[in-house]
Amino acid sequence: MQTRNYILIGPMGAGKSTIGRLLAKELGLPFKDSDKEIEERTGASIPLIFDVEGEAGFRDREQAVIAELCREQGLVLATGGGAVLRSENRQAMRQGAVVIYLHASVEHQLARTARDRNRPLLQTENPAQVLTRLLALRDPLYREVATLIIETDTRPPRMVVQEIMRFLNTYQSR
């Protein structure tokens, strides 16, 4: 299992970073978060990048980081919720990786992101409307690239990781 990448995709608030860290520990692999990588490389927060460069500028940076990280072998990668918007990212993710879509309902996304000011797309009067629109747009793209789809709404992260591990043990033996 070590030479493969394991990529977590899904909407904001689905648990990609939390579950990613736990999965990496379980697999004995390094964990990377594409948003954190962008922040470390630029020395700027995601909201600041959005303010200065707009969403297109951020997506350009995201695409470069994802392409680079997908060329590495044997890591667990948590991506930003919009990473699937670009076909280049979806193609890079599919190559030699197990892509895990962590699905979360809008209600759970709202609950998990309510106090997080580090999410530029939610700095609006109606975050529920934004999350509903984003999920409608992105869900087909998540499903297109996913090897595995897991519901995370009411499940603790460790339980989700156990389900992923059961899947990987079956998937790897094919």
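One structure accompanies this document, and this report is about it. Here the structure is a predicted model, which is why all the values come from computation and not from measurement.

On to the overall build of the protein chain. Counting its regular elements, the protein chain contains seven helices and five strands. Counting helices and strands in the order they occur from the N terminus, the protein chain gives β-α-β-α-α-β-α-β-α-α-β-α. For a compact globule of 174 residues, the expected C-alpha radius of gyration is about 16 Å, and the protein chain comes in at 15 Å, within 12% of that figure. C-alpha extents for the protein chain along the principal axes are approximately 45 × 35 × 25 Å. Within the protein chain, buried positions represent 47% of all 174 residues. For the protein chain, restricting intrachain contacts to residue pairs at least 6 apart in sequence, the fraction spanning at least 24 positions comes to 74%. Of the roughly 8600 Å² that the protein chain leaves accessible, carbon and sulfur atoms contribute 49%. The protein chain carries 24 positive and 22 negative side-chain charges, and their two centres are separated by 5 Å.

The next point concerns the sheet that holds strand β1 (residues 5–9). Across the sheet, five strands lie side by side as β2-β3-β1-β4-β5; this open sheet has parallel pairing. One side of each edge strand has no neighbouring strand; the edge strands of this open sheet are β2 (31–33) and β5 (148–151). Neighbour-to-neighbour, the strand axes of this sheet turn through a mean angle of 20°, independent of strand direction. Looking at chain direction, β1 and strand β4 (residues 97–103) are connected through five bridges and run parallel. Looking at β4, one finds that I9 is bridged to Y101. This element, helix α6 (residues 127–145), spans β1, β4 and β5 of the sheet and lies at about 150° to β4.

Attention now goes to the pairing of β5. Side chains L148 and I150 of β5 all project onto a buried face; the interleaved residues I149 and E151 project onto a face where none is buried. Relative to β5, β4 is paired through four bridges, and the arrangement is parallel. Within the sheet, the bridge partner assigned to H103 lies in β5 and is E151.

α6 packs onto helix α5 (residues 106–113) with a crossing angle of 130° between their chain directions and a minimal axis gap of 10 Å. When the interaxial angle is binned, α5 and α6 end up oblique. Of the two possible hands of crossing, α5 and α6 adopt the one that is right-handed. Here V106, Q109, L110 and T113 of α5 lie close against α6, whose contacting residues are P127, A128, L131, T132 and L135.

In this section: helix α4 (residues 87–94). Within the sequence span of α4, burial applies to N89, R90, A92 and M93. The buried residues of α4 occupy an angular sector of 165° when the element is viewed end-on, so they sit on one face. Tucked into the core, α4 has its buried residues touching β1, α3 (46–71), β4 and α6. Immediately downstream of α4, the backbone of G96 shows phi near 70°, a positive value.

Relative to the helices and strands, G74 is located in the loop between α3 and β3 (76–78). Taking the relative accessible area as the measure of exposure, G74 reaches 6% and is therefore buried. For the pair G74 and F31, spaced 43 residues apart in sequence, the C-alpha separation works out to 9.5 Å.

Rules of the game
Residues numbered from 1 in each chain as written. Predicted model: local features only at pLDDT ≥ 70, side-chain atom pairs only at ≥ 80, totals over all residues. Heavy atoms only, no water. Helix = DSSP H or I, 4+ residues; strand = E, 2+ residues; numbered from the N terminus. Rg over C-alpha atoms; globule rule 2.2 N^0.38 Å. Buried < 20%, exposed > 50% of the residue type's maximum accessible area, 1.4 Å probe, protein only. Contact = heavy atoms within 4.5 Å. Areas by Shrake-Rupley, 256 points an atom, 1.4 Å probe, with all protein chains shown as cover. Lys, Arg positive; Asp, Glu negative; His and termini not counted. Charge placed at Lys NZ, Arg CZ, Asp CG, Glu CD. Pairing = 2+ DSSP bridges. Axes fitted to C-alpha atoms, helices over the stretch in contact; angles between N-to-C directions. Parallel < 35°, antiparallel > 145°, perpendicular 65-115°, else oblique. Left-handed = near helix turned anticlockwise from the far one by under 90°. Arc of directions from axis to C-beta.

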